[in-house]
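Coordinates in review
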Amino acid sequence: MNWRRSMLGLVVGLPLVALLGFGLTRDPARIPSPLPGKPAPDFSLPVMDGEGQVTLAALRGQVVVLNFWASWCLECRYEHRDLSRSAEAYEGKGVHFFGVLYNDTAENGRRWIEEMGGQSYPTLLDGGSRVAINYGLYGVPETFIIDQTGTVVHKQIGPITADRLAEMIDPLLAGEGRP
Amino acid sequence: MMPGLASALALAAVLQGGTPAAAPQRTPVIVEETKIDIQVREIASELRCPVCQGLSLQDSPSELAQEMRDVIRTQLEEGKTPDEVKAYFVASYGEWILLEPTAKGFNLAVYLLPVIVVIGGVVLLFVVARRWLGQTAAAANPPDALGEPDPDLAPWEDVSAR
C-alpha cells in the first residue's frame, strides 16, 4: 500500500473513529435538563389531603424539595422512606418538602401513602400534568431542589437518597443570608 | 334470497368505491380543521414525546403527549406564535425535545457531514473513473500501435491482410 493511500485512510478514518468513540461515551438515555441554574417555574397547586393551595412564589427564602411521584411507579417505593425521614429531619429548618402526584388519581395516591406507612410532607395534585410539563418531566420519580432565591439547584432523575438530599440541601442552608 | 342479493350488490358497490348512498350508515364525518388544529399538528410533529422511544408528540398515544398537545393548543389560543410555543418546550425539556436539531455548534455536523461525504464520494469517483479510463485507453491502444510500424512485423503485414 502506498503512503498516499494510507494517509488518505488516516485522514478520513481517524475523525470517523473518534466521532463514533465519542458517541460511545454518551448515554442517550441521560438527557441534561436545562432547568438547573434557572428560576423554578412557579405553580399553585391544591393539597391532596388538606386545605388550600401551595404557591411556590410564597416560599421564597426557603429551600423547596419537589418530588414527582405516582402510585404506579416502582422506583418511588425505594426513595419514599428516605424522603419522608429527610422531611422530618429538616422540619422547621427552612426546608419544605412537597410531593406532586403525577398522572394518577388522588384515591390511588392516598392508598399508596397508607400502604407505605404514611408521608411526612404534603402531596400536591397536578391535574393535566401542567406543572410536570413546566418542569420538563420525563417520568417518575424526579426530584427538584429549589434554593431560597427560587432557582433550581438540582434535578434528580430516579430515586433519591437521604445522603444525596443532605448533600444538596446542607450547603444551601449554610449559605443562607448570602446576598 | 332477495335481501341477500341486495346486500351482495351493496357490498359490491362499496368494494368498487361506490357512492355513500350505497352504504347509508357509513356517512363520513367531516371535521373542519381550524387554523389552530393545523398549527397544533405541525408543532406536535416537530416535538419529541418524552416518555416514548423516537415518537413525536403527534404520533404518541401516551397521556403525557395528549396533555402536551393540549398545552400547545392553549398557548396558541393565548396568541403565542409557533416559535414561542416551541421555545417554551425547549426551555423546560432542552434542545432534546426538538426532533430536528437546530443547525448550531456541534449539531452542524449532522447537516454538514452528509454533504461533505457526498462531495468526497463524487470527487473520489471522478478520480478513480479517470484512472480507469486512462488504463482502458492505454490497453486498447498500446504504444506500439501508435508508434512507427514495427519493421520486424512488416513481412507479415501482407499475410495478415490476405
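Above this text sits the structure in question.
The shown structure was predicted, so the numbers you read here are calculated from the model rather than taken from an experiment.

Some words on the interface of chain B and chain A
The interface is formed by 13 residues belonging to chain B together with 15 residues belonging to chain A. Of all elements in the fold, only α3 (63-77) and α4 (82-93) of chain B reach the threshold of two or more residues within the side of chain B that touches chain A. When the residues that make up the side of chain B that touches chain A are grouped by side-chain class, the tally is eight nonpolar, two polar and three charged.

Describing the environment of G52 of chain A
Along the chain, G52 of chain A falls in the loop between β1 (44-46) and β2 (53-55). Placed 100 residues apart in sequence, G52 of chain A and V152 of chain A show a C-alpha to C-alpha distance of 24 Å.

Describing the packing of helix α2 (residues 35-46) of chain B against α4 of chain B
Any two packed helices are characterised by how steeply their axes cross, that is the angle between the axes, and by the distance between the axes. Residue and element names in this part refer to chain B. α4 packs onto α2 with a crossing angle of 35 degrees between their chain directions and a minimal axis gap of 11 Å. For the pair α2 and α4, the sense of crossing is right-handed. Two secondary-structure elements touch here, α2 through Q39, E42, I43 and E46 and α4 through P82, V85 and K86. Its residues assigned to classes, the contact of α2 with α4 shows three nonpolar, one polar and three charged.

Things to note about the environment of T149 of chain A
Residues and elements named next belong to chain A. Along the polypeptide, T149 turns up in the loop between β6 (142-146) and β7 (152-157). Exposure remark for T149: the 12 C-beta atoms within 10 Å place this residue in the exposed category. On a C-alpha basis, the gap between T149 and Q62 in space is 8.0 Å, while along the polypeptide they are 87 residues apart.

With respect to helix α3 (residues 106-115) of chain A
All names here are of chain A. Within α3, burial applies to G109, W112 and I113. End-on, the buried residues of α3 take up no more than an arc of 100 degrees, which puts them together on one face. Of the residues in α3, the exposed ones pointing more than 90 degrees away from the buried face are E107, R111, E114 and E115. Those residues of α3 that are buried are in contact with β4 (95-101) and β5 (123-125). Downstream of α3 by one or two residues, G117 has phi in the positive range, about 85 degrees.

How each quantity is defined
Residues numbered from 1 in each chain as written. Chains lettered and ligands numbered in written order. Predicted model: local features only at pLDDT ≥ 70, side-chain atom pairs only at ≥ 80, totals over all residues. Contact = placed C-beta atoms within 7 Å. Helix = DSSP H or I, 4+ residues; strand = E, 2+ residues; numbered from the N terminus. Nonpolar A, V, L, I, M, F, W, Y, C, P; charged D, E, K, R; others polar. Axes fitted to C-alpha atoms, helices over the stretch in contact; angles between N-to-C directions. Left-handed = near helix turned anticlockwise from the far one by under 90°. Buried ≥ 20, exposed ≤ 12 C-beta atoms within 10 Å, placed from the backbone. Arc of directions from axis to C-beta.

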